[in-house]
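Coordinates in review
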Amino acid sequence: MTDIYKPEGFIIDTPENREHTSTLSGLEYALSAGLILEGRVTLCDGEHNLIVDMGSCRGIIPRSEAAYSIDGSEVRDIALITRVGKPVCFKVTHIEHTDGGAKIILSRRLAQMECFENYVSNLASGDVIDAKITHIEPFGCFCDIGCGIISLLPVDCISVSRITHPKDRFSSGERIKCAVKQNDTVTGRISLTHKELLGTWEENAALFCAGETAAGIIRSIEPYGIFVELTPNLAGLAEWCEGAEVGRGAAVYIKSIIPEKMKIKLVIVDSNFPSASIAKKPSYYISEGRIDIWRYSPELCEKTVITDFTEL
């Protein structure tokens, strides 16, 4: 049932969606069955109605039906204008037959309301879900978690390895996995987290061995050393090296891996190449289901790093 409540853009190219949006009979069926479909907005007119590409038919989302506000606040015009060129979800509410074909009246608001009531409002802390990044700010990423309903992924929840800006990790439009951190049933606001899906310290450290030389990204330079990210959830401390710059790629020699201290000691061999050449898509150790308790630190480590979703 919840498979239909995906971030906008997930179903637009599916055979089922194309079948129902490409013909008048398909749209009539969608109207009678109450289906949620997707189409691409081609125009926002002077009255801020959204015009949707429906093949031979004209699809219109009236301004009043363009978005569902969970807290009852008015939808801003900028939220409508920025939908142009992008997929939107909708339900067919009326088909008006004309001499020139048919005018299809659509509602994004009803699709979002159904998604919220049947899916979003039932999400619990630790649930692993699909998300799509809609835009990025220094403090975090705004993510579509279903039918255009937006939640925030704070920058400090993106990965264990600290980054200066979410753009260091993601780009707008990227599809990712997230876990629900908190679901405020009073305000309807949901906060997300991502780092718990990227593996524990031991799982990431197992990808490397002492004596190897690996590629990493310099994340911070401190008086006592340089932190180099080996994976999004694993960083090591390198000895100070002249010419090192935050955000640059680095080749590092792995001196030692110490699980009981949760440390990796490194030596920078080269730090003169762009990080984009080694940046990777997230590798998920958890991609579905639900997390109750996630322990990042090794069992034998004195320092304990745990996320207990049952207490959030």
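You'll find the structure just up there.
This section reports on the structure supplied with the text.

What counts, and where the lines are drawn
Residues numbered from 1 in each chain as written. Predicted model: local features only at pLDDT ≥ 70, side-chain atom pairs only at ≥ 80, totals over all residues. Heavy atoms only, no water. Helix = DSSP H or I, 4+ residues; strand = E, 2+ residues; numbered from the N terminus. Buried < 20%, exposed > 50% of the residue type's maximum accessible area, 1.4 Å probe, protein only. Contact = heavy atoms within 4.5 Å. Areas by Shrake-Rupley, 256 points an atom, 1.4 Å probe, with all protein chains shown as cover. Lys, Arg positive; Asp, Glu negative; His and termini not counted. Charge placed at Lys NZ, Arg CZ, Asp CG, Glu CD. Arc of directions from axis to C-beta. Salt bridge = Lys/Arg side-chain N within 4 Å of Asp/Glu carboxyl O. Pairing = 2+ DSSP bridges. Axes fitted to C-alpha atoms, helices over the stretch in contact; angles between N-to-C directions. Polar contact = N/O pair within 3.5 Å; in protein donor to acceptor, adjacent residues only side chain to side chain. Phe/Tyr/Trp six-rings, centres within 6.5 Å; stacked < 30°, edge-to-face > 60°. Lys NZ or Arg CZ within 6 Å of the ring centre and 35° of its normal.

1. Some details on the overall build of the chain
Assigned secondary structure in the chain consists of 5 helices and 17 strands. Looking at the chain residue by residue over its 312 residues, the buried ones come to 46%. In the chain, the proportion of contacts linking residues at least 24 apart, taken out of those at least 6 apart, comes to 63%. Entry remark: accessible area of the chain is about 15600 Å², with carbon and sulfur atoms responsible for 50%. The averaged location of the 43 negative side-chain charges in the chain is 4 Å from the averaged location of its 32 positive side-chain charges.

2. Remarks on helix 2 (residues 24-33)
For helix 2, the full list of buried residues reads G26, L27 and A30. Buried residues of helix 2, viewed axially, fall in a sector of 100°; they line one side. Of the surrounding elements, those touching the buried residues of helix 2 are helix 1 (15-21), strand 1 (37-44), strand 2 (50-54), strand 3 (57-61), strand 4 (87-98) and strand 5 (101-107). Two residues or fewer after helix 2 comes G34, characterised by a positive phi angle close to 70°.

3. Quick look at the pattern of salt bridges
Evaluation of the coordinates by the stated rule reveals 14 salt bridges. A salt bridge links R295 to E299; its shortest N-O distance comes to 3.8 Å. With a relative accessible area of 24%, R295 lands in the partly exposed category. Through salt bridges that share partners, D168, R169, R219 and E229 make up one connected network.

4. What to know about the sheet that holds strand 5
Pairing between the strands of a sheet is mediated by backbone hydrogen bonds and can be parallel or antiparallel. The mixed closed barrel is built from 5 strands, whose spatial order is 1-2-3-5-4. Mean inter-strand twist for the sheet, computed between neighbouring axes without regard to direction, equals 45°. Relative to strand 5, strand 4 runs antiparallel, the two being bridged by 7 bridges. Paired with H94 across the strands is I105, a residue of strand 5. Against the sheet, helix 2 contacts strand 1, strand 2, strand 3, strand 4 and strand 5, and its axis sits at roughly 105° relative to strand 4. Contacts from helix 4 (residues 108-118) reach strand 3, strand 4 and strand 5 within the one sheet, and its direction differs from that of strand 4 by about 135°.

5. Some points on the side chain of N49
By the secondary structure assignment, N49 is in the loop between strand 1 and strand 2. Ignoring any residue separated from it by four or fewer positions in sequence, one finds N49 in contact with L43, C44, I60, I61, P62 and R63.

6. Description of the sheet that holds strand 12 (residues 225-231)
Strands sit in the order 11-12-13-15-14 around a closed barrel of 5 strands; the barrel is mixed. Averaged over all pairs of adjacent strands, the angle between their axes in this sheet comes to 50°, without regard to strand direction. Across 5 bridges, the pairing between strand 11 (residues 213-222) and strand 14 (residues 248-258) is antiparallel. From the neighbouring strand, T213 faces strand 14, where its bridge partner is Y253.

7. Section: the environment of R83
If you trace the backbone, R83 turns up in the loop between helix 3 (77-81) and strand 4. When its relative accessible area of 12% is taken as the criterion, R83 is described as buried. Sequence separation of R83 and L50 is 33 residues, and the distance between their C-alpha atoms is 8.2 Å. When near neighbours in sequence (up to four residues on either side) are disregarded, R83 contacts E8, V41, L50, V88 and R108. Of the polar contacts made by the side chain of R83, one reaches the backbone oxygen of P87; its length is 3.1 Å.

8. Quick notes on the packing of aromatic side chains
Evaluated as defined, the whole model comprises 5 aromatic pairs. Centre to centre, the rings of Y5 and Y119 are 6.2 Å apart; their planes meet at 20°, and the pair counts as stacked. With Y5 in the segment before helix 1 and Y119 in the loop between helix 4 and strand 6 (128-137), the pair connects residues that are 114 residues apart, well separated along the chain. Across the pair, exposure class does not vary: Y5 and Y119 are buried alike. Positioned above the aromatic ring of F10, the side-chain terminus of R175 is 4.1 Å from the ring centre.

9. Quick look at the environment of I217
Assignment of secondary structure puts I217 in strand 11. What makes I217 buried here is its relative accessible area of 8%. Along the sequence, I217 and G146 sit 71 residues apart, while their C-alpha atoms lie 33 Å from each other. For I217, the residues in contact, after removing those within four places along its chain, are F227, V228, E229, G247, R248, G249, S275 and I278.

10. Things to note about helix 4
Among the residues of helix 4, those classed as buried are R108, A111, Q112, E114, C115 and F116. Looking at where helix 4 begins, the residue whose side-chain oxygen comes 3.5 Å from the main-chain nitrogen of R109 is S107.

11. Structural notes on the side chain of K91
In this structure, K91 sits in strand 4. Its relative accessible area of 16% is what places K91 among the buried residues. Setting aside chain neighbours within four positions, we find K91 in contact with G34, L35, I36, I105, L106, S107, L110, A111 and E114.

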